[in-house]
Amino acid sequence: GFPVLPPDTNAAVGDTQVVQWVNLCYAVFDKSTGTLIAGPFAGTNFWKGFGAPCETNNDGDIIIQWDKTNHRWLAAQNVFNGPPYYTCVAVSQTADATGRYFRYAFPQQPGFPDYPKWGLTPSVYYQTQNVFGTVSFLGVNVCAYDAKNMLKGRRNATQICIFDNSNGTLFDDSMLPADDDSTQPADRASHSRTAGPEVLLGAIDNFLPGDTHVYEYVFTVNFGKPAKSTLAGVDGSMPISVPAFNLAICFLVADPLACVPQPSPGSELLDTLGDRLMYRLARFDDGRTQHFLVAHSVNDT
């Protein structure tokens, strides 16, 4: 009913449906015809009857995802009305996005959890977010969620988070967790309380006007012994060499907020978000090699 900036537009494609969520509202469409099936609904509709804070805070910065292995929907929205701050998660009980959901509210520490991004694997769901204090950037919170139990609606589904302030340098930011595009029934770690390592990428905006690296992080989670969970690559210690690039950031070119024209004359200019890799970081396995695919806005001069 009113404009929101930025719109945080995202969508996911399921077996027979498409769900699009634009900041405060989502809708469900038929995958074959594009016909509207249900909605638009306020984002809090996923947690209707669940109670505060998830049912009462429609704060945006949302994610809708399709778990390709388990054929379920995941909807997530952080509660920014804090402290305390929370991550609200809804996991569908079937492949029908209009059906029933298992709902959860997980705490977030140590500050305002901004720019959350998700990567799904068969047995673990991963989330990253930039964390801010009153006026300053504090670091990145990297979290793992016990998907095996969440998919069954169990209340004992746990969350493990590691807070990364880059050993005080604040180098690491805007990480993307790898999102599994395979359709195998389960990964090798799915029968263990120790999840396989999760690859994350991020931290490309720390060298102006550009760089010759992106930065890898590896998150290894142990739900049985949370204290043994680890995050490697802290403070940009695992660089990946790439061709030299210049960051496509609008304030380096022209308007501080938007500088990219759209095809239609007179259309509003777009922001590049060139200071970070673009969601999603897709991962797939061809049987011999893991492959990763991610997009990045760079200048063409």
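### Observations regarding the side chain of Ser229
The residue Ser229 is located in the loop between strand E15 (210-220) and strand E16 (230-232) in this model. A polar contact of 2.9 Å, which involves the side chain of Ser229, links it to the backbone nitrogen of Asn222.

### Here's the deal with unusual backbone geometry
Going from Gly82 to Pro83, the amide bond is cis rather than trans, its omega being 0°. Relative to the helices and strands, Pro83 is located in the loop between strand E6 (72-79) and strand E7 (85-92). Across the junction of Tyr279 and Arg280, the peptide omega takes the value 10°, indicating a cis bond. When you line up the elements, Arg280 lands in strand E18 (residues 278-285). Located in the positive-phi region is Ser174, a residue other than glycine, with phi close to 50°. With respect to the helices and strands, Ser174 occurs in the loop between strand E12 (159-164) and strand E13 (176-180). Unusually for a residue other than glycine, Asp235 sits at a positive phi of about 60°. Tracing the backbone through its elements, the reader meets Asp235 in the loop between E16 and strand E17 (239-246).

### Description of the state of the cysteines
Within the structure shown, the criterion is met by three disulfides. One disulfide in the model links Cys54 with Cys88; its S-S distance is 2.1 Å. Judged by the sign of its S-S torsion, about -95°, the cystine formed by Cys54 and Cys88 is left-handed. You can see Cys54 sitting in the loop between strand E4 (36-42) and strand E5 (62-67) and its partner Cys88 sitting in strand E7, a full 34 residues away along the chain. A relative accessible area of 2% means that Cys88 is categorised as buried. Each sulfur in the disulfide pair Cys143 and Cys161 lies 2.1 Å from the other. In this structure, the disulfide formed by Cys143 and Cys161 twists by about 110° around the S-S bond and is classed as right-handed. Pair noted here: Cys143 is in strand E11 (residues 137-146) and Cys161 is in strand E12, with a separation of 18 residues, a long-range link.

### Considering the nonpolar core
By size, the foremost hydrophobic cluster in this structure holds 19 residues, and its most contacted members are Val19, Trp21, Phe46, Trp47, Ile64 and Trp73. Of all the elements in the fold, those that place two or more residues in this core are strand E2 (17-22), strand E3 (25-30), E5, E6 and E7. Judged by nonpolar contacts, the second largest core, of 17 residues, contains Ile160, Phe171, Leu200 and Phe219.

### A few points about the sheet that holds E3
Pairing in this open sheet of four strands is antiparallel, and the strands run E1-E2-E3-E4 from one edge to the other. A strand with exactly one partner marks an edge of an open sheet, and here the two such strands are strand E1 (9-13) and E4. Within the sheet, the average angular offset between the axes of one strand and its neighbour, ignoring direction, is 15°. When E1 meets E2, the two strands line up antiparallel, connected through five bridges. Of the residues in E2, the one forming a bridge with Asn10 is Trp21.

### So, the environment of Glu216
With respect to the helices and strands, Glu216 occurs in strand E15. Looking at Glu216, the relative accessible area reads 21%, which means it is partly exposed. In sequence terms Glu216 and Gly236 are 20 residues apart; their C-alpha atoms lie 7.5 Å from each other. Apart from residues lying up to four places away in sequence, Glu216 is in contact with Val199, Leu200, Leu201, Ala232, Gly233, Met238 and Ile240.

### Points about a nonpolar patch on the surface
Where nonpolar side chains cluster on the molecular surface, the patch consists of Leu208, Phe251 and Leu252 and spans about 310 Å² of accessible area. Within the element layout of this structure, Leu208 appears in the loop between strand E14 (198-202) and E15.

### With respect to the environment of Gly111
By the secondary structure assignment, Gly111 is in the loop between strand E8 (101-108) and strand E9 (112-120). According to the relative accessible area criterion, Gly111 is buried, its value standing at 6%. Here Gly111 is in contact with Tyr85, Val131 and Phe132, once residues within four sequence places are set aside.

### A few points about the packing of aromatic side chains
Counted according to the given criterion, the structure contains 16 aromatic pairs. Taking the centre distance of 4.1 Å and the plane angle of 15° together, the rings of Tyr26 and Phe46 count as stacked. With a gap of 20 residues between them, Tyr26 in strand E3 and Phe46 in the loop between E4 and E5 connect regions that are remote in the sequence. Accessibility classification places Tyr26 together with Phe46 in one group, the buried group. Seen in terms of ring centroids, Tyr85 and Phe112 are 5.8 Å apart; in terms of plane orientation they differ by 80°. Their pairing is edge-to-face. Of the two residues, Tyr85 is situated in strand E7 and Phe112 in strand E9; the sequence distance between them amounts to 27 residues.

Rules behind the numbers
- Residues numbered from 1 in each chain as written.
- Predicted model: local features only at pLDDT ≥ 70, side-chain atom pairs only at ≥ 80, totals over all residues.
- Heavy atoms only, no water.
- Helix = DSSP H or I, 4+ residues; strand = E, 2+ residues; numbered from the N terminus.
- Polar contact = N/O pair within 3.5 Å; in protein donor to acceptor, adjacent residues only side chain to side chain.
- Disulfide = S-S within 2.5 Å.
- Buried < 20%, exposed > 50% of the residue type's maximum accessible area, 1.4 Å probe, protein only.
- Core = buried A, V, L, I, M, F, W, Y, C linked by side-chain atoms within 4.5 Å.
- Pairing = 2+ DSSP bridges.
- Axes fitted to C-alpha atoms, helices over the stretch in contact; angles between N-to-C directions.
- Contact = heavy atoms within 4.5 Å.
- Patch = residues over 30% accessible without salt bridge, like charges linked within 9 Å, V, L, I, M, F, W, Y side chains within 5 Å.
- Areas by Shrake-Rupley, 256 points an atom, 1.4 Å probe, with all protein chains shown as cover.
- Salt bridge = Lys/Arg side-chain N within 4 Å of Asp/Glu carboxyl O.
- Phe/Tyr/Trp six-rings, centres within 6.5 Å; stacked < 30°, edge-to-face > 60°.

The quantities given are spatial measurements derived from coordinates; they are silent on function.
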